Amino acid sequence: QVQLVESGGGLVQAGGSLRLSCAASGILVKANVMNWYRQAPGKQRELVAGISSGGITNYADSVKGRFTISRDDAENTVYLQMNSLKPEDTAVYYCNVVRFNTYYWGQGTRVTVSS
């Protein structure tokens, strides 16, 4: 079955960086569109970044130029490099893949950015 396991969250000061990882099993990340979502307290879950099987990336306007999504096919892992972090980036970050109209989610990793 599909399993997504996120890691790399933590507490960081504004302006700092974090790299999130999403280790996948049951699927090949290189063969799927892999996404990062986030959910801040009291807000809806929102798409942050995605990477297609062909390596095409897309980003939410709020993170363009600061976040980079990538993948390591050998490790079957997707990454989210987050630079110049802002307090408004505080959220739980989730890895996601959609297969046959089914949404798969990891357990999430919490990112807290202090001002």
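The structure we're discussing is the one just above.
Residues numbered from 1 in each chain as written. Predicted model: local features only at pLDDT ≥ 70, side-chain atom pairs only at ≥ 80, totals over all residues. Heavy atoms only, no water.

1. Thoughts on the sheet that holds strand E8 (residues 77-82)
At step 1: Strand order in the open sheet formed by 4 strands is E1-E3-E8-E7, and the pairing between neighbours is antiparallel. Each end of this open sheet is capped by a strand with a single partner; those strands are strand E1 (3-7) and strand E7 (67-72). Along the sheet, successive strands turn relative to each other by an average axial angle of 15°, direction set aside.
At step 2: Examined bridge by bridge, strand E3 (residues 18-25) and E8 share 6 bridges and lie antiparallel to one another. (Pairing = 2+ DSSP bridges. Helix = DSSP H or I, 4+ residues; strand = E, 2+ residues; numbered from the N terminus. Axes fitted to C-alpha atoms, helices over the stretch in contact; angles between N-to-C directions.)

2. Some points on the pattern of salt bridges
If the charged atoms of two oppositely charged side chains come close together, the side chains can form a pair.
At step 1: Evaluation of the coordinates by the stated rule reveals 5 salt bridges.
At step 2: Residue Asp-89 is joined to Arg-38 by a salt bridge in which the shortest nitrogen-to-oxygen separation is 2.9 Å. A residue pair is termed long-range when its members are at least 10 positions apart, and Asp-89 in the loop between E8 and strand E9 (91-99) and Arg-38 in strand E4 (residues 34-39) qualify at 51 residues. Across the pair, Arg-38 and Asp-89 agree in class, each one buried.
At step 3: Ionic pairing is found between Arg-66 and Asp-89, a salt bridge with its closest N-O pair at 2.8 Å. Note that Arg-66 is positioned in the loop between strand E6 (57-59) and E7 and Asp-89 in the loop between E8 and E9, a separation of 23 residues in sequence.
At step 4: Residue Asp-89 is classed as buried on the basis of its relative accessible area, which comes to 0%.
At step 5: Sharing partners across several salt bridges, the network here consists of Arg-38, Glu-46, Arg-66 and Asp-89. (Salt bridge = Lys/Arg side-chain N within 4 Å of Asp/Glu carboxyl O. Buried < 20%, exposed > 50% of the residue type's maximum accessible area, 1.4 Å probe, protein only.)

3. Observations concerning the nonpolar core
Generally speaking, a soluble globular protein has its nonpolar side chains buried in company with each other.
At step 1: Leu-4, Met-34, Trp-36, Leu-80, Met-82 and Tyr-93 are the most contacted members of the largest nonpolar core, which totals 29 residues.
At step 2: Among the elements of the structure, E3, E4, strand E5 (46-51), E7, E8, E9 and strand E11 (109-114) are those that each provide at least two residues to this core.
At step 3: In contact with Leu-4, other than residues within four places in its own chain, are Cys-22, Ala-23, Ala-24, Ile-27, Met-34, Cys-95, Asn-96, Val-97, Tyr-104, Trp-105, Gly-106 and Gln-107. (Core = buried A, V, L, I, M, F, W, Y, C linked by side-chain atoms within 4.5 Å. Contact = heavy atoms within 4.5 Å.)

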